[in-house]
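Structural overview
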Amino acid sequence: MVEKKAVKEGEESKAKTVNPKDVTICDATIQMLEKAKRDGVETAFDRALNMKACPIGADSACCKHCSMGPCRLNAKDPYGKVGVCGATIDTIMARNFARMVASGCSAHTDHGMAMLDLFREVVNGKIHDYKIKDVHKLELVAKSLNIETEGRSVQEIATDVYKELERTYTQIEGEIPFASRVPQKTLETWRKYDLVPRGSMREIMELMHRTHMGVDQHYENITKQFTRTALADGWGGSLVATEISDILFGTPSPVSVEVNMGVLKKDYVNIIVHGHEPNMFESMMESVNTPSLIQAAKDAGAQGIVLAGMCCSGAEMMSRHGVPHAGNFMSTEAILVTGAVDAMCVDIQCIKQGLAKVADCYGTPLITTNVRCHIEGATHIQFNDHDPKACTDEVVIRAITRFKNRTLPIEIPNIRNIGIHGFSFEYINYMLGGTFRGSYTPLNDNIINGRIRGVAGVVGCTNPRVKHDWVHTELVKELIKNDVLVLLTGCAQITMAKAGLMTPEAAHLAGPGLREVCETVGMPPVLGLGSCVDNSRILIAASEMVKTGGLGNCLADLPVAGAAPEWMSEKAISIGQYFVGSGVYTVFGVTFPTVKDTKFHNLLFDGLEKWGLGKWGFSPDPYEMAKMMIAHIDKKRKALGIDKTRERKLVDMAARREMAAA
Ligand code: SF4
Ligand code: MSK
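Note that the structure is a prediction, hence the values are computed from the model and not measured.

Conventions and cut-offs
- Residues take numbers from 1 onward in each chain, read along the sequence in its written order.
- Here chains are named by letter from A upward and ligands by number from 1 upward, in the order in which they appear as written.
- In keeping with the predicted nature of the model, local features appear solely for residues at pLDDT of at least 70, side-chain atom pairs appear and are counted solely at 80 or more, and the whole-chain, interface and lining totals rest on all residues.
- Here the side-chain values reflect all heavy atoms present in the structure, with hydrogen atoms and water set aside.
- Three exposure classes are used, based on accessible area relative to the maximum for each residue type with a 1.4 Å probe and protein chains only: buried under 20%, partly exposed in between, and exposed over 50%.
- Elements are defined by DSSP. Helices are runs of H or I of four residues or more, strands are runs of E of two residues or more, and each kind is numbered from the N terminus.
- Cavities and pockets were defined on a 1 Å grid built from protein atoms only: a cavity is a group of points that admits a 1.4 Å probe but offers it no way out, a pocket is an open group of points flanked by protein on both sides within 12 Å along at least five of seven lines, and a lining residue is one with an atom within 4 Å of any such point.
- Grid points are joined across faces, edges and corners, and a volume is the space filled by probe spheres set on the points.
- Residue polarity is assigned by list, with Asp, Glu, Lys and Arg as charged and Ala, Val, Leu, Ile, Met, Phe, Trp, Tyr, Cys and Pro as nonpolar; anything else, Gly included, falls into the polar class.
- The criterion for a residue being near a molecule or strand is simple. One of its heavy atoms has to lie within 4 Å of it.
- Molecule-in-pocket calls rest on the fraction of atoms, with more than half required to lie within 2 Å of the cavity or pocket grid points.
- Each domain's extent is set by a domain assignment, obtained either automatically or from a database.
- For this analysis, residues touch if any pair of their heavy atoms sits within 4.5 Å.
- Summed over both partners, the accessible area (1.4 Å probe) lost when two parts come together is defined as the buried area.
- One speaks of a salt bridge when a side-chain nitrogen belonging to Lys or Arg is within 4 Å of a carboxyl oxygen belonging to Asp or Glu.
- Whether two strands pair comes down to DSSP finding at least two bridges between them.
- Lines fitted to C-alpha atoms define the axes, with helix axes restricted to the stretch in contact, and inter-axis angles between N-to-C directions lie between 0 and 180 degrees.

1. Details of helix H20 (residues 512-521)
Taken together, the buried positions of H20 are occupied by Gly-513, Leu-514, Glu-516, Val-517, Cys-518 and Thr-520. Two residues or fewer after H20 comes Gly-522, characterised by a positive phi angle close to 80°.

2. Some points on empty space enclosed by the protein
By rolling a water-sized probe across the atoms, one finds the places where empty space is left. Overall, the coordinates contain 5 cavities of 30 Å³ or more when judged by the stated rule. The calculated volume of the largest cavity comes to roughly 240 Å³. Lining the largest cavity are 27 residues; nearest its centre among them are Val-455, Ala-456, Gly-457, Leu-487 and Ile-538. In terms of residue class, the lining of the largest cavity is made up of 23 nonpolar, 4 polar and no charged.

3. Notes on the site of ligand 2
Every residue lining ligand 2 is accounted for by His-276, Cys-311, Cys-312, Phe-329, Cys-350, Gly-460, Cys-461, Cys-491, Cys-532, Met-568, Ser-569 and Lys-571. The cavity where ligand 2 resides is the second largest cavity. Two domains share the shell around ligand 2, each providing at least three of its residues, namely domain 2 (255-404) and domain 3 (427-640).

4. Comments concerning the domain arrangement of the protein
Taken domain by domain, the protein comprises domain 1 (77-249), domain 2 (255-404) and domain 3 (427-640). Between the C-alpha centres of domain 2 and domain 3 there is a distance of 31 Å. In this complex, domain 2 contributes 18 residues to the contact, which on the side of domain 3 involves 20 residues. When domain 2 packs against domain 3, the two sides together hide about 1,400 Å² of surface, and 70% of this comes from carbon and sulfur. Applying the counting rule to domain 2 against domain 3 returns 0 salt bridges. Secondary-structure elements contributing two or more residues to the side of domain 2 that touches domain 3 are helix H13 (311-321) and strand S6 (325-327).

5. Side note on the environment of Pro-524
Positionally, Pro-524 belongs in the loop between H20 and strand S13 (526-528). Through-space distance from the C-alpha of Pro-524 to that of Gly-419 is 9.0 Å; in sequence the pair is 105 residues apart. Pro-524 has contacts with Ile-420, Phe-423, Leu-501, Met-502, Thr-503, Pro-504 and Cys-518, leaving out every residue within four places of it along the chain.

6. Considering the sheet that holds strand S14 (residues 560-564)
In spatial order, the strands read S13-S12-S11-S14-S15-S16; together these 6 strands make up an open sheet with parallel pairing. A single partner strand is all that each edge strand has here, and the edge strands are S13 and strand S16 (616-618). Averaged over all pairs of adjacent strands, the angle between strand axes in this sheet comes to 25°, irrespective of strand direction.

Below is the structure:
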């Protein structure tokens, strides 16, 4: 029997119990939640059911920025009351929103800086376990920064790229280096409103200062600074993280991968890596392929070692190397309930503290590896880029030990979904335009001629406050049915893999125009671009659409929209704001941290568009969300004068030949 450590004695009778089919559509998670119930093990689904979300906090109508408070305002009468210091509802909401952006931006930029630290040490020859794998990508990045590549060594180019990109974080005055990749008219709008980021450290510092009690008390001015900070994430920290990871570990290209809990194998040592940093995962790949460790696993009675990812580093490794993926954020506790996980190794971001108790119930070592993320009750084995295998070999050894000492019954859901992942910005270029004349022209042409109505980025987390995976799935099905090509990242991508939408065969679920394009090119109607930090790939793809021509002069002109239907993290707010700041209509589900019809809410949902940026939208309903996004796409088509071309237009033989030849 599993020891019931996750529920305190006496609490069982009072706590409401989850009906798994009510809270998720993921069959593997349902099976494991049923088992967790039998085992008396609690997960976030139970805690969400038993903890009512604070309604004042959900509306962002409270402030605890000083000890004269905390102050609670009334969302039903938002202007009837102010805080003790006199702060209005708009100031309070704007400051709270700003701090979410600051935190989300910090997470991405700190991750990006860690990748850049590793790159510097590789370039300086101080780290030997990693090397520059993708020289072509290094040259592309160098060119985008106006760094000379002709006749120069990899070392010389890489040194200059490092020096230039360091400014993304540390620069005090001036524009961040990747401002060079922003379409000119978008950049001009940013300059007009003083939104071009300097360095992310400066932007985050200034934002935290301005949101201190008694500093910036105009919601519009606060909005400008959190927009600039969010842009320092999307076009700075996140973009650097993506580009440097590609240079060091390889740029993804399509690969067939198995996703879901069935990737675990009963007679194998199973290791899960969950988090956001690819360097630890890359080293783990080396460790599980080390002959002496494979032999040790066999000596312990296992047939071998299975390595699988979860969440975003899993999404990166799946895209780059075809490593199997076991599930998204809301399945990380559930997978431990299989009893088959011999070690869960985590680094940073989206690691629920609740994992420690569930892991303990099943005797699974939960191992933290990053100095930024320790968890009470977990074992910490520090990962060091200078000697990476010291950590990851030790994780494998502990997993083998746990395998040897397995005592509890194992139950692995027999579900695996095969799909195609790894559609980097660069690969989409080749896929559509051909290896020798890579180009976004065919994409733009198909949007202009109306076969593809527009493009949607569907990104982000999963959240126990809504039915897990359901909102994503319904939204994406609705979008492709209406000829909207969908780009995915993060946990959303894993949801779609489980729904079977990441295969070319899923084209039959698309509208007639999108279906024809998918069938001709042989691509799925939804394309997975990687982890949540890789949303930067969507920005670059959208910029390329502007540069290619025919779809307007800036990002705000494009017939595109974004959504995070099951978002939960502050990173998602930062991502949403950098999409809005870049010109994209972005719709969130679950809940939105503002009080409707206040000045701050109206600025986010309407006013920013008048500045020439994008705007926010909100709906918890996937069908309504799809309608809102499609209406926006149609509005942009009309403004571009291409609304008439959506009258039924099939791919004729000549067009089919042209696309196939590419
Ligand atoms: Fe209250 Fe103003 Fe202090 Fe916030 S800053 S807690 S609104 S007194
Ligand atoms: S892991 S931020 S739950 S996408 Fe990137 Fe998933 Fe959201 Fe974390």
